[in-house]
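# Architecture and fold: a report
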Amino acid sequence: MSKTNGRILLALDTSCDMLCCAAGRTGEGMELLASADHLCRRHANEELVLTARQVLADAGLGMGDVDAVLVGRGPGSFTGVRIGIATAKGLACGLSRPLYGVSTLDATAWTAWLAGVRGTVAVAADAMRGEVYPGIYELDEDGARRTFASETVCKADACVAAWQERDDAQDLQLTGNGLTKYRDRFEAAGLGRMLDESLWFPTGEALLWAWERDAERDETGDPALVLPVYTRLSDAEENERKRLGLTQPASVEVTGVADELANMHLQLRPMLVNDVEQVAALELEAFAGEAHTPWTRHMFEDELALPGRTWWVAHDMGTIVGFAGGLLAGDVLEVLDVAVAADRRREGIARRLLQRIAYDGHVLGAQTISLEVAESNGEARALYESVGLAQVGLRRDYYGPGSDALVLSASLPLVTHDATAPEPQASVRPWPIACEPRSAQATKAIEQSGPLILAIESSCDETAMAVIDGQGQIVSNVVATQIDFHARFGGVVPEIASRKHTEAIVGVFEETLAQAGAHFGVDTLVPSDLSAVGVTAGPGLVGALVVGVAFAKGLCGATDLPLVPVHHLEGHLLANLFATPDLEPPFVASLVSGGNTMLVHVRGWGDYELLGATIDDAVGEAFDKVAKALGLGYPGGPVISKLSARGNPRAIPFPRAMMHSGDYRFSLSGLKTAVITYIQGENKAGRPINLPDLAASFEAAVVDVQVSKAARAVDECGVSDVCVGGGVAANPKLRAAYEERFGRMGVRVTVPPLAACGDNGAMIALAALRSYKAGLVADLSLDAAPSAKLGTWSCDAAPTVWPGEQEWLRR
């Protein structure tokens, strides 16, 4: 184990109610320089960065003196762990210093060691839900040594029973914050003795010692690779495992972010019984004339009824163009079949399908993935090798005389890199990233660009960042989407979204700065090139927002850059300026997305009057739920939109809810129910559903209400401009309906460019630049505000928008 004496370490942990923070110096052991551990229930995101700065100040140090950052990885409160890790990632990225992870359970044992406790220590950390994270440690003069391989979770009563069975049950010394809830149960069992309550929590000093004495610690230091310790899946994934008939605990060390979708109409979803006819036909076509014996329809039907299987299809507007399936055999996922339509090959479909079943396999407990491929099938072998599978065996005459099969295998999770994909990858370069020398011309260009603002967006299921210059030009824009991870569930799963943001955020940060560097002719920008950091602070999913806000605060805390909070919906509103730079209030804005549907009277910049909003489902949410009912996958908007282009919008008389309500409220729930009722009725009658007609009729019902109410608002407000913002603004029928209706009224219509409709960092950058120039910044106690009202963190200054072509819109 390599050691470097005299390194200054900053340690922090927020995985439980105790906020831990300390500064230390390596040497002969670990010298504690300062600490500020304190109970901090539900306020860790507000206090962590400020506490870290105070600890360093108490030690007579500054951020620039820190040589490495340590962070508790849990196990603990999922949100708490992510706050600590996202903040630590921001600190490490801002300082360009290594980041190392430490087990919070280990740190709790080291708290006892530092207090002079020796012998066998049993840690029971609180896992909520009546559960604890158990761990047995042996403490001697050399330190605390764990007696188990990895962290687990179990019911508190099960932990008590297991410890009672130990031969040394009477000698156990109990500690851990789980005792604050379950002390009576452990005492009633007659287990050893309780340590003093002051030792039940981890400390910052204990984190320092746990890292310093860890003989097997990871010295990589790459912040992208430091991830939370999860001992259970999200509830949605656990329910899926139960549905598949799997009862054994699953591995949850699943990492990675889905490839950005090149074709939004191509979607992945689990295979259904209704798919087997198309799947069997595709199977026959794909393997015609090959050694592989095609599966039959009945074989696919049988497979779908069996436990321990994972089958996915790729479809384009309901037409299946590829599929893949696997069988869980012990801890091995055996790939059973992969096929793609001949006219859709070389689009990365097989790769995505393989990654999906591999992801499922790992979630379901598989440690490796295995398959057979014909030795003569060079194209398939290249695909499998590109995702990390390697030959481990050879089966002679497997496909018939003279047709051998190679046996390929790889450990899970798959570690892949697609050079054609824009998604950032972890550990592409050594950390910290060393910048190449800059030319005088490039340095001057960066200096003359005006304030460069980094903007961060993480309100839902996209991790996005952008850099904007002082003239309002977007010089980089990166979006990492999670669509494939949510597809199985037909909508965004908040817990999965939060986990994926934590995994992706460093890679997106690196890619965004590299892309901005290329704009200026250098390899990458560095934090010192920036003037401020903007971040979406709300509204949105609280767990998702927290990751972006914590990372931004860590970055600002490390660099002293100003922190600029941005309202997510104001970003969508300002995205219209990418299409119409001279847009000026007053105007009416329709904001339509997966989480919001509202009409706003923009009386002035920052002066927003909410005219009305949905009383139940948002427009995008209704699209997703209807698509799910039709088995069309997630997200529903793009596929329904493309289907509707071939349908008759008058074929089915779906209701136009609240169209004549006399106000500006919306309701989509009734329409959604009407569509589902229609589907059920047609299925019961045995009539095939005309998908294009249904999609067109549903879409028309949505668009008619949106446009009608917007037209009334324009009349009543007396404005000559109307604009649309949000993901649903990409809908072609909605855009066309606005153009047609308001064109007749002599009202100018603005809709954002398609690339600016969905969640993205560019729109947040536009708002952040305006606020920065107006001096509207936040302190480092900023927290996520999931229900923030439009106008929060706004100002009356006019935005600065580059009048020329925005290159990022052509990417």
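Note that the coordinates shown come from a computational prediction; the quantities given were computed from them, not determined experimentally.

### Remarks on the overall build of the protein
- A count of helical and extended segments in the protein gives 22 helices and 29 strands.
- For 811 residues, the compact-globule estimate of 2.2 N^0.38 gives 28 Å, and the C-alpha radius of gyration of the protein, at 28 Å, lies within 12% of that figure.
- At a minimum sequence separation of 6, the contacts of the protein that also span at least 24 residues come to 72%.
- The averaged location of the 103 negative side-chain charges in the protein is 4 Å from the averaged location of its 68 positive side-chain charges.

### Description of helix 11 (residues 378–386)
- Of the residues making up helix 11, those classed as buried are Ala-380, Leu-383 and Tyr-384. Down the axis of helix 11, the sector holding all buried residues measures 95°, keeping them to one side.
- Looking at the buried residues of helix 11, the elements they touch are strand 16 (332–340), helix 10 (349–363), strand 17 (368–374) and strand 19 (405–411).
- Directly beyond the C-terminal end of helix 11, a positive phi value near 100° is found at Gly-388.

### Remarks on the packing of aromatic side chains
- For the structure on display, the rule yields 18 aromatic pairs.
- Taken together, a centroid distance of 6.2 Å and an interplanar angle of 20° make the contact between Trp-110 and Trp-209 stacked. With Trp-110 in helix 3 (residues 104–114) and Trp-209 in helix 6 (residues 204–212), this pair connects stretches of sequence that are 99 residues apart.
- Both rings, one in Tyr-137 and one in Phe-148, keep their centres 5.4 Å apart while their planes meet at 90°; by these two values the pair is edge-to-face. Residue Tyr-137 is located in strand 8 (residues 131–140), and its partner Phe-148 is located in the loop between strand 9 (143–146) and strand 10 (154–155); the two are separated by 11 residues in the primary sequence.

### Here we look at the sheet that holds strand 21 (residues 462–468)
- Taken together, the five strands give an open sheet; going across it, the order is 22-21-20-23-24, and neighbouring strands pair in mixed fashion. Here the strands that pair on one side only, and so sit at the sheet edges, are strand 22 (474–481) and strand 24 (563–567). When strand polarity is set aside, the average angle formed by the axes of neighbouring strands in this sheet is 20°.
- Alignment of strand 20 (residues 453–457) against strand 23 (residues 532–538), held across four bridges, turns out to be parallel. Residue pairing for strand 23: Ala-455 is matched across the bridge by Gly-534.
- Where helix 14 (residues 494–520) meets the sheet, it contacts strand 20, strand 21 and strand 22, and its direction lies at approximately 25° from that of strand 21.
- Across the sheet, helix 15 (residues 542–559) touches strand 20, strand 21, strand 23 and strand 24, and the angle it forms with strand 23 is around 155°.

### Remarks on the pattern of salt bridges
- In this structure the tally under the stated criterion is 41 salt bridges.
- As a salt-bridge pair, Arg-344 and Glu-347 come within 2.9 Å of each other at their nearest N and O atoms.
- Assessed through its relative accessible area of 14%, Arg-344 is described here as buried.
- You can call Glu-347 partly exposed: its relative accessible area is 42%.
- Among the ionic pairs, Glu-609 bridges to Arg-603, the shortest N-O distance being 3.6 Å.
- For Glu-609, a relative accessible area of 29% puts it in the partly exposed group.
- Residue classification places Arg-603 among the partly exposed positions, given a relative accessible area of 42%.
- Beyond isolated ion pairs, a larger network of salt bridges with shared partners links Asp-617, Glu-621, Lys-625 and Lys-672.

### Concerning the nonpolar core
- In terms of nonpolar packing, the biggest core is built from 56 residues, with Leu-70, Leu-139, Trp-163, Leu-174, Phe-186 and Leu-191 touching the most fellow members.
- Leave out the neighbours within four places in its chain, and Leu-174 touches Ala-122, Trp-163, Leu-179, Phe-186, Leu-191, Arg-193, Met-194, Leu-195 and Trp-200.
- Listed in part, the 48 residues of the second largest apolar core include Val-533, Val-535, Val-549 and Leu-561.

### Things to note about the sheet that holds strand 27 (residues 607–613)
- In space, the five strands of this open sheet follow the order 27-26-25-28-29, with mixed pairing throughout. Among the strands making up the open sheet, the edge pair consists of strand 27 and strand 29 (748–750). When the angles between neighbouring strand axes are averaged without regard to direction, this sheet yields 20°.
- Relative to strand 29, strand 28 (residues 721–725) runs parallel, the two being bridged by three bridges. Note that in strand 29 the partner of Asp-721 across the bridge is Arg-748.
- Most of the contacts of helix 21 (residues 732–745) go to strand 28, to which it runs at about 175°, and overall it touches strand 25 (587–592), strand 28 and strand 29.

### Considering the side chain of Thr-104
- Mapped onto the elements of the fold, Thr-104 is located in helix 3.
- Residue contacts for Thr-104: discarding those within four places in its chain leaves Asp-13, Ser-15, Gly-72, Arg-73, Gly-74, Pro-75 and Pro-202.

### Regarding the packing of helix 1 (residues 44–58) against helix 15
- Between helix 1 and helix 15, whose axes approach to 10 Å, the crossing angle comes to 15°. Comparing their axes, helix 15 and helix 1 come out roughly parallel. Along this stretch, helix 1 crosses helix 15, giving a crossing that reads as right-handed. In contact with Asn-45, Glu-46, Val-49 and Arg-53 of helix 1, helix 15 contributes Val-546, Val-549, Ala-550, Lys-553, Gly-554, Cys-556 and Gly-557.
- Of the residues belonging to the contact of helix 1 with helix 15, the class tally is five nonpolar, three polar and three charged.

### Points about the pairing of strand 14 (residues 309–316)
- Of all eight residues in strand 14, eight are buried, a share of seventy percent or more.
- Burial of the side chains of strand 14 extends over both faces: Arg-309, Trp-311, Val-313 and His-315 are buried on one face and Thr-310, Trp-312, Ala-314 and Asp-316 on the other.
- Pairing of strand 14 with strand 15 (residues 319–329) involves eight bridges; the strand directions are antiparallel. Counterpart to Trp-311 in the pairing with strand 15 is Gly-325.

### Here we look at unusual backbone geometry
- For the bond running from Leu-412 to Pro-413, omega is 0°, close enough to zero to count as cis.
- Assignment of secondary structure puts Pro-413 in the loop between strand 19 and helix 12 (440–447).
- Looking along the chain, the bond that leaves Pro-585 and enters Pro-586 is cis, with omega of 5°.
- Located in the positive-phi region is Asp-397, a residue other than glycine, with phi close to 55°.
- The residue Asp-397 is located in the loop between strand 18 (390–395) and strand 19 in this model.

### Overview of the environment of Ala-366
- Considering the arrangement of structural elements, one finds Ala-366 in the loop between helix 10 and strand 17.
- Along the primary structure Ala-366 and Leu-766 are separated by 400 residues, whereas in three dimensions their C-alpha atoms are 45 Å apart.
- When residues no more than four places from it in sequence are discounted, the contact partners of Ala-366 are Leu-328, Asp-331, Val-332, Leu-333, Gly-361 and Leu-412.

### So, the confidence of the model for the protein
- A residue-level look at the protein finds 93% of positions with pLDDT of 70 or above and a mean pLDDT of 90.
- Scored below 50 in pLDDT, residues 417–428 makes 19 contacts in the model with residues more than four places away or belonging to other chains.

### Considering helix 5 (residues 179–188)
- Residues Leu-179, Tyr-182 and Phe-186 constitute the buried set of helix 5. For helix 5, the arc enclosing every buried residue in end-on projection is 100°, short of the 170-degree limit, so these residues lie on one face. Opposite the buried face of helix 5, by more than 90 degrees, sit the exposed residues Asp-184 and Ala-188.
- On the buried face of helix 5, the contacting elements are strand 7 (119–128), strand 8, helix 4 (156–164), strand 11 (173–175) and strand 12 (193–194).
- Within two residues after helix 5, Gly-190 carries a phi angle of roughly 70°, on the positive side.

### Describing the packing of helix 8 (residues 276–286) against helix 9 (residues 297–304)
- Interhelical geometry of helix 8 versus helix 9 gives an angle of 125° and a closest axis separation of 9 Å. Here helix 9 runs oblique to helix 8, going by the angle between their axes. Along this stretch, helix 8 crosses helix 9, giving a crossing that reads as right-handed. Across from Val-276, Glu-277, Val-279, Ala-280 and Glu-283 in helix 8, the residues of helix 9 making contact are Arg-297, Phe-300, Glu-301 and Leu-304.
- Among the residues making up the contact of helix 8 with helix 9, the classes are represented as five nonpolar, no polar and four charged.

Cut-off values and rules
Starting from 1, residues in each chain are numbered consecutively following that chain's sequence as written. A pLDDT threshold of at least 70 governs which residues receive local features in this predicted model, and a stricter bar of 80 or more applies before side-chain atom pairs are shown or counted, although totals over entire chains, interfaces and linings include all residues. By convention in this description, side-chain values take in all heavy atoms of the structure and omit both hydrogens and water. Helix numbering and strand numbering both begin at the N terminus, where a helix is a DSSP run of H or I of at least 4 residues and a strand a DSSP run of E of at least 2. The globule rule is 2.2 Å times the number of residues to the power 0.38, and the radius of gyration it is compared with is taken over C-alpha atoms. Residue contacts are counted whenever heavy atoms from the two residues lie within 4.5 Å of one another. The convention is simple: Lys and Arg are positive, Asp and Glu are negative, and His and the chain ends are not counted. One atom stands in for each charge, and that atom is NZ of Lys, CZ of Arg, CG of Asp or CD of Glu. Only protein chains enter the accessibility calculation, which uses a 1.4 Å probe; a residue is then buried when its area is under 20% of its type maximum, exposed when over 50%, and partly exposed in between. Comment: arc refers to directions from the helix axis out to C-beta atoms. Between 30 and 60 degrees the pair is tilted, below 30 it is stacked and above 60 it is edge-to-face, where a pair is any two Phe, Tyr or Trp rings, Trp via its six-membered ring, whose centres lie within 6.5 Å. For two strands to be treated as a pair, DSSP must find at least two bridges joining them. The convention used is that axes are lines fitted to C-alpha atoms, helices contributing only their stretch in contact, and that angles between N-to-C directions extend from 0 to 180 degrees. Here, a salt bridge means any Lys or Arg side-chain nitrogen found within 4 Å of an Asp or Glu carboxyl oxygen. As used here, the term nonpolar core means buried Ala, Val, Leu, Ile, Met, Phe, Trp, Tyr and Cys residues forming a set that is joined through side-chain atoms within 4.5 Å. Working rule for angles: under 35 degrees goes down as roughly parallel, over 145 as roughly antiparallel, 65 to 115 as roughly perpendicular, anything else as oblique. Here a crossing is taken to be left-handed if its near helix is turned anticlockwise relative to the far helix by less than a right angle, and right-handed if that turn runs clockwise. Each residue receives one of three labels: charged for Asp, Glu, Lys and Arg, nonpolar for Ala, Val, Leu, Ile, Met, Phe, Trp, Tyr, Cys and Pro, and polar for the others, Gly being one of them. Scored from 0 to 100, pLDDT records how confident the predictor is in each individual residue.

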